Amino acid sequence: MSASLAPECDEVKERYDSCFLKWYSEKYLRGKGTTDECAALFKDYKRCLTSALKEKGIDKMLEEAREDHKENDAANLRRR
Amino acid sequence: MKVFSNDEVFDYSWEEVSTANWRKYCPWNDKSTHVIAVDTLSRSVDPESGILRTERLITCKQSAPKWLASLMGGNETSHVFETSYVDPVSKKVTMISSNLTFANIISVQESVVYQPLSATKTQFVQNAKITALCGGWQKVKNAVEDATVTRFGENARKGKEGFEAVLEMSRRVFREEKEKARMEVEVQEKMAA
């Protein structure tokens, strides 16, 4: 897996990424994955990442981009 | 505004491609070295459609040409924000990304779609809209846009090569794991007998 932009988060990220990939390929793609089994691991990773983003001052510009991208949801969160 | 478009076909199933796509920038990909980190910001399965929605932050080494980098303030890294959607029923991955860094100078809006062509082939369609926002001479804007389009083409070519390596390794590891599991079952059966 790829590294985190915050080296101190690499370990928790690796654990989460492995969990997700397993869930994605073995359950989600086979129509058996409606719940996220990796939520607890994601919480640990997210906690680490959030403080790193704040420290680096990336959190503010992320918020703006996130708002802009929500416009894409209407077209893409729909089954065709 | 300039447009960059690119189409590729991968000789792998959509399931393999969409899985390997999550680790496109892992160490198996020794071509896309400009990507130094990929972080997941949020992830959820939409309760109504069943579509997996993911937000990621991609961190790149500054790869702009020197004159452009100095014009843009000389940061060492740049960031891209990506929202992706996976529909496992209609078998479609859509990824939409835009630049966070230098957003006041240039806007790069990219979309990538992965869809199956057959059971063993997957199509990749990439489109990017590049718009220089800096005020002033059209000549400067054109040069900024052209340089960005050129860099996009280079990275797209490297990205394809690197992703092919990731796909090959993913398939090999998957086979090895399956073989290992099969042998473990055999050993257990022998011990039980």
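Residues numbered from 1 in each chain as written. Chains lettered and ligands numbered in written order. Predicted model: local features only at pLDDT ≥ 70, side-chain atom pairs only at ≥ 80, totals over all residues. Heavy atoms only, no water.

**Q** How do you make sense of the packing of helix α1 (residues 10–26) of chain A against helix α2 (residues 39–56) of chain A when you look at a structure like this?
**A** Residues and elements named next belong to chain A. At a minimum axis distance of 9 Å, the contact between α1 and α2 shows a crossing angle of 145 degrees. Along this stretch, α1 crosses α2, giving a crossing that reads as left-handed. Facing α1, whose interface residues are V12, K13, R15, Y16 and C19, α2 presents L41, F42, D44, Y45 and C48. Tallied by class, residues from the contact of α1 with α2 come to seven nonpolar, no polar and three charged. (Axes fitted to C-alpha atoms, helices over the stretch in contact; angles between N-to-C directions. Helix = DSSP H or I, 4+ residues; strand = E, 2+ residues; numbered from the N terminus. Left-handed = near helix turned anticlockwise from the far one by under 90°. Contact = heavy atoms within 4.5 Å. Nonpolar A, V, L, I, M, F, W, Y, C, P; charged D, E, K, R; others polar.)

**Q** Would you take a moment to explain the nonpolar core for this structure?
**A** Counting 43 residues, the largest nonpolar core has Y24 of chain A together with Y114 of chain B as its most contacted members. Listed in part, the 13 residues of the second largest apolar core include F4, I106, V108 and V149 of chain B. (Core = buried A, V, L, I, M, F, W, Y, C linked by side-chain atoms within 4.5 Å. Buried < 20%, exposed > 50% of the residue type's maximum accessible area, 1.4 Å probe, protein only.)

**Q** How should I be thinking about the pairing of strand β5 (residues 92–99) of chain B in this particular structure?
**A** Consecutive residues of a regular strand have side chains that alternate between opposite faces of the sheet. All names here are of chain B. In terms of burial, β5 is a largely internal element, seven of the eight residues being buried. By the bridge criterion, eight bridges tie strand β4 (residues 77–87) to β5 in an arrangement that is antiparallel. Counted as the bridge partner of D87 is K92 from β5. Linking two consecutive strands that pair antiparallel, namely β4 and β5, is a turn of four residues; a positive phi of about 55 degrees is found at K91 within it. Across six bridges, β5 lies against strand β6 (residues 106–116) in antiparallel orientation. Looking at the pairing, S97 lines up with E110 of β6. Connecting the antiparallel pair β5 and β6 is a turn made up of six residues, with F102 showing a positive phi of about 60 degrees. (Pairing = 2+ DSSP bridges.)

**Q** Honestly, the pattern of salt bridges in this entry has me stumped. Any pointers?
**A** Two side chains with opposite charge may pair up if their charged atoms get near one another. Under the defined criterion, the tally for this structure stands at 23 salt bridges over all chains. Across the pair R66 of chain A and E55 of chain B runs a salt bridge whose closest N-O atoms are separated by 2.7 Å. On the criterion of chain membership, the pair formed by R66 of chain A in helix α3 (residues 59–69) and E55 of chain B in strand β3 (residues 52–61) is interchain, its members lying in two chains. Both residues of the pair, R66 of chain A and E55 of chain B, belong to the buried class. For the salt bridge of E161 of chain B with R157 of chain B, the shortest nitrogen-to-oxygen distance reads 3.8 Å. Taken together, the positions of E161 of chain B and R157 of chain B, both in helix α3 (residues 138–192) and four residues apart, correspond to about one turn of that helix. (Salt bridge = Lys/Arg side-chain N within 4 Å of Asp/Glu carboxyl O.)

**Q** Looking at this structure, I do not really get the packing of aromatic side chains. What am I missing?
**A** The geometry of an aromatic ring pair comes down to the distance between the two centres and the angle between the two planes. For the coordinates displayed, the defined rule picks out 15 aromatic pairs over all chains. Between Y16 of chain A and Y45 of chain A, the ring centres sit 6.0 Å apart and the planes meet at 25 degrees, which makes this aromatic pair stacked. Highlighted residues: Y16 of chain A in helix α1 and Y45 of chain A in helix α2, separated in sequence by 29 residues. Take Y16 of chain A and Y45 of chain A: they sit in the same class, and that class is buried. Measuring from ring centre to ring centre gives 6.1 Å for Y114 of chain B and F163 of chain B, while their planes differ by 55 degrees; the resulting arrangement is tilted. In this pair, Y114 of chain B sits in strand β6 while F163 of chain B sits in helix α3, placing the two residues 49 residues apart along the sequence. One exposure class covers both Y114 of chain B and F163 of chain B, and it is buried. Taken together, the ring pairs in this structure connect Y16, F20, W23, Y24, Y28, F42 and Y45 of chain A together with W22 of chain B into an aromatic cluster. Taking the ring centre of F163 of chain B as reference, the NZ or CZ of K24 of chain B above it sits at 5.6 Å. Over the ring of F20 of chain A we find R43 of chain B; its NZ or CZ atom is 3.4 Å from the centre of that ring. (Phe/Tyr/Trp six-rings, centres within 6.5 Å; stacked < 30°, edge-to-face > 60°. Lys NZ or Arg CZ within 6 Å of the ring centre and 35° of its normal.)

**Q** Is there a simple way to explain α2 of chain A in this structure?
**A** Because each turn of an α-helix spans 3.6 residues, side chains separated by three or four positions end up pointing in the same direction. With 18 residues, α2 of chain A extends 25 Å from end C-alpha to end C-alpha; this agrees with the ideal 26 Å at 1.5 Å per step. The inward-facing, buried residues of α2 of chain A contact α1 and α3 of chain A together with β2 (35–45) and β3 of chain B. Residue G57 of chain A follows α2 of chain A closely and has a positive phi angle near 70 degrees. (Expected span 1.5 Å × (residues − 1).)

Keep in mind these values describe shape, not function.
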